[in-house]
Every structure is written in C-alpha cells, then in structure tokens.
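Chain residues, written in single-letter form:
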Amino acid sequence: MSGDKLFYNEYEHFYEMAEHSDAFRYFCKDAFGDDFSQDGFSDIKQIDRIVEHIPTGRESHMLDVGCGNGKMLGYLQKRTNAYIHGFDYSANAINTARKLFRTNAEFRIGSIGEIDYPPEQFDVITSMDTMYFAPDMEKFLLQAIGWLKKSGVFFICYQEGDVMPKTDNKDTTILARALQKNGIPYEVEDITKETYDLLRKKRETALLYQKAFREEGSTEWFDMLMAQTDCATESFDLFAKKMARYIYTVRKR
Ligand SMILES: C[S@@+](CC[C@H](N)C(=O)[O-])C[C@H]1O[C@@H](n2cnc3c(N)ncnc32)[C@H](O)[C@@H]1O
C-alpha cells in the first residue's frame, strides 16, 4: 500500500502532539536512547550506524527524506558537523524543525515526487521508514541516487508487515526488487530480532509512562503505542512470520 499523501492528516496531528507532549519526549528518550519524536522504529543503535557514512574533515551534506521535526538530523549534525537538509510533507513537523535547527540547516515542506534537488548534492541520504510512501518507489529511488555525490551513500531503514507486505527475505522486498531491476548493488542487514526486542522495550516503556500520558491529557499517545507494539507480545518466531526489518545501504559508484 503506497500512494501520494497517504496518512497526511495523521502525521500533521502526530507532529502537533509531539511538539507539546513532555511525556512523549521522555518516553522516546527512554525507549529509543534519545528523543527524535520517533514514529518509526529507529533507536540510537540504528541511527549511530549512519555516522560512519558521513565524511568528516570537509563540509559534508546529508539529506533525510521524511525527516519529521528534524531531531535525528540535529543529532547527526552534532556528531559530525554536517550541513543538514530534510523534507517532509508535514508542515507542523517542518515548522518545528526550522525553529529547532537554524545553523547549516535547510528544511522543505513537500511530498516525495514534488521535491527535487540538483544532481550530486549529498554525501549521505537517509530514509527511515518513509520509502513506503513514495507514489512510485522505483522512480524515487533513482531520483534520490541522482542527488548523491559519487561514493555517496543512501541508507534506508525498511520494514515489512505493516505498511508493506511481508515477502520471503531481504532480497525479495519491493525495495530490493527495485534495486535489482536497475542493476544497483546494495548491502542489506536483517535487523528483525533487534526490532522485536525494541518493540518489547517500547511497550514496557509506554506502560511506565501510562500515568504521565493520562495526566497530560494525551492518553491517545499511550493507545497508539500499545497498538503499534501489540505485534511483539507474541513469540519471536510468530512475530518473524509476519514482520521483518532491514537496513539497506546503497553506495553510488
Ligand atoms: C513512519 S514516519 C518516520 C518518521 C521518521 N523518519 C522516523 O524514523 O521516526 C514517516 C514520515 O514520513 C513523512 N511522510 C509520509 N509520507 C510522505 C510523503 N509522501 N512525502 C513526504 N513525507 C512523507 C511523515 O510525515 C513522517 O514524518
């Protein structure tokens, strides 16, 4: 299931709530190791894997596709000094990002397919749980690779079993097939077990914050977190039949 502006109102609402909820900020810090207003499933361990791809010692530029309120980019800028760029269709998210990060930072409001950059701009492009929303994934993949400098890296966290259908393995996903069809070499790491453990931690942490969410009047967050993590209440074997998570890295030649 993918398409233009899918879940648009839900994300506007999500980032409006994220701006005002202290309970969610603390929850993210405890569940993921830092607060990036995650709606995806990326904890600090996954995000730190990006750092090794960002060149240091010269001005480097990185782009996050579906950057939300930019907090992950802000963290990576602190670690590497990179110039950060991000786009997201949520105006609420981008308005927060523009308030939070003002130096060596550029944020745009727009959808995948509408936004464009000149060729060979970026050392690193990331897309954490956002490729699913491309109206044409193959077309967007080629466009994004065009934005990379030579030797630049496209780092994609990609999940199956919720938005995308579950396929057999890391080389049969819709993304992997699009890469193969275009002769684009990739590396892929299966992080399904890591994700299962993270979802369980996310659920335990949400339960610890249940009272804080209620007192703040944002029980809605708690309900959303319970629904998101319900799949990890069964055994790992059952979970892995329905869900999978991978990190794909594509290096431009
Ligand atoms: C699952 S969330 C992931 C957010 C963040 N990258 C993370 O890992 O927490 C998907 C993000 O993509 C944005 N998004 C969804 N569809 C989009 C589209 N068609 N164009 C641009 N952004 C989109 C949403 O607003 C949201 O910030």
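Numbering of residues starts from 1 in every chain and runs along the sequence as written. Local features in a predicted model are, by the rule used here, given only for residues with pLDDT of at least 70; side-chain atom pairs are given and counted only at 80 or more, and totals for whole chains, interfaces and linings are based on all residues. Note that the side-chain values use all heavy atoms of the structure and ignore hydrogens as well as water.

A. View of the packing of aromatic side chains. Here a Phe, Tyr or Trp ring, Trp counted by its six-membered ring, pairs with any other such ring whose centre lies within 6.5 Å, and the pair is stacked when the planes are under 30 degrees apart, edge-to-face when over 60, and tilted otherwise. With the rule as written, the count across this model stands at 27 aromatic pairs. With centroids separated by 6.1 Å and ring planes inclined at 75°, the aromatic side chains of Tyr-11 and Phe-133 adopt a geometry described as edge-to-face. Of the two residues, Tyr-11 is situated in helix α1 (residues 8-20) and Phe-133 in the loop between β4 (122-128) and α6 (137-147); the sequence distance between them amounts to 122 residues. Buried means the residue's accessible area, taken with a 1.4 Å probe over protein chains only, is under 20% of the maximum for its type, while exposed means over 50%, and partly exposed covers the values in between. When its relative accessible area of 18% is taken as the criterion, Tyr-11 is described as buried. Under the relative-accessibility criterion, Phe-133 is labelled buried at 13%. For helices the rule is a DSSP run of H or I covering at least 4 residues; for strands it is a run of E covering at least 2, with both sets numbered from the N terminus onward.

B. Local environment of the side chain of Gln-38. With respect to the element layout, Gln-38 can be found in the loop between α2 (22-32) and α3 (44-51). As used in this structure description, the phrase polar contact means that two N or O atoms lie within 3.5 Å; if the pair is within protein, one of them must be able to donate a hydrogen and the other to accept it, and residues adjacent in sequence are counted only when both atoms belong to side chains. Polar side-chain contacts of Gln-38 include one of 3.4 Å to the backbone oxygen of Asp-34. A polar contact is formed between the side chain of Gln-38 and the backbone nitrogen of Phe-36, at a distance of 3.0 Å.

C. A look at the site of the ligand. Lining the immediate surroundings of the ligand are 16 residues, of which Tyr-15, Gly-66, Asp-88, Ile-112 and Met-128 lie closest. The backbone of Gly-66 places a nitrogen or oxygen atom 2.9 Å from a nitrogen atom of the ligand. In this structure, a nitrogen atom belonging to the ligand sits 3.0 Å away from a main-chain N or O atom of Ile-112. Computed by Shrake-Rupley with a 1.4 Å probe, the accessible areas treat only the displayed protein chains as cover when residues are assessed. Coverage of the ligand by the protein chains reaches 95% of its 590 Å² of free accessible surface. A cavity here means a set of points on a 1 Å grid, drawn over the protein atoms and nothing else, where a 1.4 Å probe fits but cannot get out; a pocket is an open set with protein on both sides within 12 Å along at least five of seven lines, and a residue lines either one if it has an atom within 4 Å of a point. For this analysis, a molecule is said to be in a pocket or cavity if more than half of its atoms are within 2 Å of the grid points defining it. Of all the cavities here, the one that holds the ligand is the largest pocket. Distances are taken per atom, and a residue is near a molecule or strand as soon as one of its heavy atoms is within 4 Å of it.

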